[in-house]
Every structure is written in structure tokens, then in C-alpha cells.
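Overview (structure and organization)
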Amino acid sequence: QVQLVESGGGLVQAGGSLRLSCAASGRTFRMYVLGWFRQAPGKERESVAHITQSGSTSYADSAKGRFTISRDNAKNSVYLYMNSLKPEDTAVYYCAAGGGNYPYQYYYWGQGTQVTVSS
């Protein structure tokens, strides 16, 4: 069982930056693929980025060049650095842990953190 807790969301102006953090419980953290997802009001949840156990990363087109995902297995944490934020990035952001082959299955989810980008 893995419990995930996100933090770092908030209100930021367009063009600004935020760093989201996700802290996990459990000693098997390094075994999981980790992902960041987001859900805007009235929209379906979408994948933003993921990072594999070996550190390989992949991003949604909307995040490429602006967002960076990283993990620190020693701290049982995964991060999402978001730069050049746009109003359309406004959403609740969730971290998740999973595995399998791409597209990964995510078994554990955090409660989400709100990111609001003002124009």
C-alpha cells in the first residue's frame, strides 16, 4: 500500500513557476512508475508527465519544454517543476504510482493540489 500526498499548488500569474511535490509512504517507492495528472473543471483527467523506475521521462505535448518531472527515491518523493505557466494549466494536479508496461496502470493516487494561473 502506498499513500501519496501532494503539495505546492497555489495561485500564480501567467508566466510564473511552481514546484509541486508528492510525498509517498512505503518502502517500495522505487519500484513504481510515477506520474502527474491534472483535471480542469468540466474536463477529463489527463496525463501530464511520468517517470519510470530507471528515470526515463515522458511528457504530454502541452507540458513539453515547460514542465520537468523528477523523483528522489531516497526521499520517497516525486516533483513537477512547472515554468511559463499559462491560464490553461489551471487544474487540480494529482500524483500517482503504478507499473506495468506503457501505458502504465496507476494503482495509487493522491488527493490532488489546486493550481490556478491568472492571466
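These notes cover the structure that comes with them. Not measured: the values here are computed from a predicted model.

Looking only at helices and strands, the protein chain has zero helices and 11 strands in total. Taking 119 residues into account, the globule formula puts the C-alpha radius of gyration at 14 Å, and the protein chain, at 13 Å, falls close to it. Counting only C-alpha atoms, the protein chain reaches 40 × 25 × 25 Å along its principal axes. Here the contacts in the protein chain between residues at least 6 apart in sequence split such that 55% fall between residues at least 24 apart. Measuring between centres, the 11 positive side-chain charges of the protein chain sit 8 Å from its 7 negative side-chain charges.

Glancing now at the pairing of strand 4 (residues 33-39). With six of seven residues buried, strand 4 lies mostly within the body of the structure. Here strand 4 pairs with strand 9 (residues 91-99) via seven bridges, running antiparallel. Paired with R38 across the strands is Y93, a residue of strand 9. Of the pairings in the sheet, the one linking strand 4 to strand 5 (residues 46-51) comprises five bridges and is antiparallel in character. Its bridge partner being in strand 5, W36 is matched across the sheet by A49. Where strand 4 folds back on strand 5, the antiparallel hairpin that results is connected by six residues, among which G42 adopts a positive phi of roughly 75 degrees.

Before going further, it helps to spend a moment on the state of the cysteines. Under the criterion given, the structure shown has one disulfide. Put simply, C22 and C95 are joined by a disulfide, and their sulfur atoms are 1.9 Å apart. Between C22 and C95, the S-S dihedral sits near 45 degrees, and the bridge is therefore right-handed. Of this pair, C22 sits in strand 3 (residues 18-24) while C95 sits in strand 9; the two residues are 73 residues apart in sequence, bridging distant segments of the chain.

Another aspect to go through is the sheet that holds strand 7 (residues 67-72). Pairing within the open sheet is antiparallel, and its four strands lie in the order 1-3-8-7. Only two strands of the sheet have a single neighbouring strand rather than two, namely strand 1 (4-7) and strand 7. Averaged over neighbouring strand pairs, the angle between their axes works out to 15 degrees when direction is ignored. Of the strand pairs in this sheet, strand 7 and strand 8 (residues 77-82) are connected by six bridges, and their pairing is antiparallel. From the neighbouring strand, I69 faces strand 8, where its bridge partner is L80.

What follows is about the nonpolar core. With 29 residues, the main nonpolar core has W36, L80, M82 and Y93 as its most contacted residues. Where this core is concerned, the elements lending two or more residues are strand 3, strand 4, strand 5, strand 7, strand 8, strand 9 and strand 11 (113-118). Membership of the second largest hydrophobic core comes to five residues, among which are V33, F37, A96 and Y104.

This brings us to the pattern of salt bridges. Applying the stated rule across the entire model yields four salt bridges. With a shortest N-O distance of 3.1 Å, K64 and D61 are connected by a salt bridge. When sorted by exposure, K64 lands in the same class as D61, which is exposed. Put simply, R38, E46, R66 and D89 are held in one network by salt bridges that share partners.

About the criteria used
- Residues numbered from 1 in each chain as written.
- Predicted model: local features only at pLDDT ≥ 70, side-chain atom pairs only at ≥ 80, totals over all residues.
- Heavy atoms only, no water.
- Helix = DSSP H or I, 4+ residues; strand = E, 2+ residues; numbered from the N terminus.
- Rg over C-alpha atoms; globule rule 2.2 N^0.38 Å.
- Contact = heavy atoms within 4.5 Å.
- Lys, Arg positive; Asp, Glu negative; His and termini not counted.
- Charge placed at Lys NZ, Arg CZ, Asp CG, Glu CD.
- Buried < 20%, exposed > 50% of the residue type's maximum accessible area, 1.4 Å probe, protein only.
- Pairing = 2+ DSSP bridges.
- Disulfide = S-S within 2.5 Å.
- Axes fitted to C-alpha atoms, helices over the stretch in contact; angles between N-to-C directions.
- Core = buried A, V, L, I, M, F, W, Y, C linked by side-chain atoms within 4.5 Å.
- Salt bridge = Lys/Arg side-chain N within 4 Å of Asp/Glu carboxyl O.

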